[in-house]
Amino acid sequence: MQELVFLQSITQEPYTTDKVIADHSDNSLKAVRNLIRDKKERLEKYEVLHFENAKPRKGSKGGRPEKIYHLNERQATLLITFLDNTPTVEEFKTALVDEFFKMRDELTKRKINRIEEKPLRKTLTDAVKEWEHRTDWSYNHISNLLYKAVTGMNAKQLKKARNPKAKASLDVLTSEEQEQYKQLETRVIGYLLAQMTFGQIKAMLNGGTLQVTEWREVK
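Residues numbered from 1 in each chain as written. Predicted model: local features only at pLDDT ≥ 70, side-chain atom pairs only at ≥ 80, totals over all residues. Heavy atoms only, no water.

Novice: Help me understand the overall build of the chain in this model?
Specialist: Looking only at helices and strands, one finds 10 helices and three strands in the chain. Helices (α) and strands (β) of the chain occur, in sequence order from the N terminus, as β-α-α-α-β-β-α-α-α-α-α-α-α. Oriented by its inertia axes, the alpha-carbon framework of the chain measures out at about 70 × 40 × 30 Å. Per-residue burial for the chain yields a buried fraction of 40% across its 219 residues. Counting contacts in the chain only where the partners sit at least 6 residues apart, residues at least 24 apart contribute 58% of the total. Each charge class in the chain was averaged separately, 39 positive and 32 negative side chains, and the resulting centres sit 6 Å apart. (Helix = DSSP H or I, 4+ residues; strand = E, 2+ residues; numbered from the N terminus. Buried < 20%, exposed > 50% of the residue type's maximum accessible area, 1.4 Å probe, protein only. Contact = heavy atoms within 4.5 Å. Lys, Arg positive; Asp, Glu negative; His and termini not counted. Charge placed at Lys NZ, Arg CZ, Asp CG, Glu CD.)

Below, the structure written as structure tokens:
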């Protein structure tokens, strides 16, 4: 099933789009966008209407970027009341309410995880400072190692893929990814304190093991 509600960062509200509403209400995208423009003043009682400029659709004239509207929960709920109350629309309303509820719960989990991770990050920073293999770029390299272990992407790639405007790459992780990140971060702190090399730490995060000679080097 198509995703109904999106959350790009813990600093933003969950939202749906005009495309989602059109796809699930048996209305054309043009009709939904016309309705948004017509009801703009009412919708903006709940916040300024946001939008993104996406790549132009195939066959669109002039190749101009496509404007996709982002609607928060109250805006989306209000907009749907202006649609004909068909069985399809009623079913979509129920599904959308459920998804917004789940995403609000997800946002709360992410915010709590970020608060819980802060002491770990400070400990990681301190461990890097005491690491005998430290360079000027060690903290960035270690952070990218953690991001790659969790998402398969480094910090820059992660922000580009999920939300280029996010202040921190940690802000775009899901709650499950945050939990995994915290677990791996705790392990890495131990590896740093044990004065493992970067190669050894990378191997351990990738599911490898150290040979007997390598353990002796660590000791």
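From this point on, the discussion continues.
Novice: Explain the pairing of strand 3 (residues 66-71) to me, please; I cannot follow it from the model alone.
Specialist: Note on strand geometry: in a regular strand, side chains alternate between the two faces of the sheet. With five of six residues buried, strand 3 is to be regarded as a mostly interior element. As paired elements, strand 1 (residues 16-17) and strand 3 share two bridges and run antiparallel to each other. Residue pairing in the sheet places T17 in a bridge with H70 of strand 3. Here five bridges tie strand 2 (residues 50-54) to strand 3, and the two strands are oriented antiparallel to one another. When the sheet's bridge partners are listed, N53 is paired in strand 3 with K67. (Pairing = 2+ DSSP bridges.)

Novice: What should I look at first to understand the pattern of salt bridges in this one?
Specialist: Inspection of every chain in the model, using the stated rule, returns 16 salt bridges. Note that K40 is salt-bridged to E44, the shortest N-O span being 3.1 Å. Using a relative accessible area of 27% as the deciding quantity, one classes E44 as partly exposed. A salt bridge links E117 to R114, with the shortest nitrogen-to-oxygen separation between them at 3.8 Å. Linking E117 with R114, this pair stays in helix 5 (residues 87-129), spanning three residues, or about one helical turn. For the residue pair E117 and R114, the accessibility class agrees, reading buried in each case. (Salt bridge = Lys/Arg side-chain N within 4 Å of Asp/Glu carboxyl O.)

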